[in-house]
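# Structural description and commentary
These are the residues of each chain, in order.
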Amino acid sequence: MANLISNWMSWEGGVDLVAVTQPGLAMPNVIVHVARIVHTPVGSAPAGLIFFQPDPNQPPAVMGFISTNAQVGAYFGPKIFAGTPFEKAPVLAAQIEVNTSVAGQVSAKITVGGHVFETRLSALKPAELIQRAPAAMPPFAQQGVEAAAGAAELMVDGKPVSIIVPPVGISGGPAAVFAPCGVYAR
């Protein structure tokens with residue numbers, strides 16, 4: 001019997017970074033997951049997820065699903081991330097630029113909530129085909145192509161942010177990865 005899918009999203013040009021800004025944090029306080037274009041049943045647009053909590057003892061400075069299209073951004077929480085801490089995350093209007101034109105590296109620039117986030121992933125390893133089964137987090141199956149990054153940088157509002165990249169991100173794969181294409185389905 002086939003696995004029936006009720007909710008899905010796919011993307012092209014994904015730049016994903018999960019990190020901490022200080023040793024010993026139990027949970028990441030930096031998440032920048034964006035794609036040049038995300039396709040959903042309600043439309044297609046540049047989109048992603050951002051979480052930036054520079055002081056782990058304070059509320060996040062910026063947190064939510066981001067997109068140039070509010071309808072696409074609003075799809076993610078209830079349809080893809082249902083049952084997770086992100087299910088009720090707000091939707092924020094954002095400008096998202098992804099650059100994949102430099103060999104061996106990718107970058108993203110996100111303007112949202114009065115801030116500018118810039119990520120650069122370099123020393124990309126060879127791309128691999130991935131297939132991950134659903135888990136508690138994330139609650140969706142994943143398929144796609146990923147190239148893990150050997151190095152990652154983050155700048156916020158033009159200033160470098162010191163980050164530590166864990167070996168595994170929230171999606172169960174590398175915490176700093178270029179995902180040229182992929183799909184989440186549940």
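Residues numbered from 1 in each chain as written. Predicted model: local features only at pLDDT ≥ 70, side-chain atom pairs only at ≥ 80, totals over all residues. Heavy atoms only, no water.

## Focus on the pattern of salt bridges
Applicable threshold: Salt bridge, as used here, is a side-chain nitrogen of Lys or Arg placed within 4 Å of a carboxyl oxygen of Asp or Glu. The secondary structure listing takes helices from DSSP runs of H or I that are at least 4 residues long and strands from runs of E that are at least 2 residues long, numbered from the N terminus. Exposure is judged per residue with a 1.4 Å probe applied to protein chains only, and the accessible area is read against the type maximum: over 50% gives exposed, under 20% gives buried, and values in between give partly exposed.
Tallied over the full model, the rule gives one salt bridge. Salt-bridge contacts for Glu146 lead to Arg132; the nearest nitrogen and oxygen are separated by 2.8 Å. Highlighted residues: Glu146 in strand S9 (residues 141-156) and Arg132 in strand S8 (residues 128-132), separated in sequence by 14 residues. Each member of the pair, Glu146 together with Arg132, is buried.

## Examining the pairing of strand S11 (residues 176-185)
We apply this condition: The pairing criterion is simple: DSSP has to find at least two bridges between the two strands.
Burial of S11 is extensive: seven of the ten residues sit out of reach of the surface. As paired strands, strand S1 (residues 8-19) and S11 are joined by nine bridges and run antiparallel to one another. Each bridged residue has a counterpart across the sheet, and for Trp11 the counterpart in S11 is Gly182.

## Notes on the pairing of S9
Bridge count for strand S7 (residues 115-124) against S9 is seven bridges, and the pairing is antiparallel. In the strand pairing of S9, Phe117 is matched with Val156. Bridging between S8 and S9 involves five bridges; their strand directions are antiparallel. Paired with Gln131 across the bridge in S9 is Gln143.

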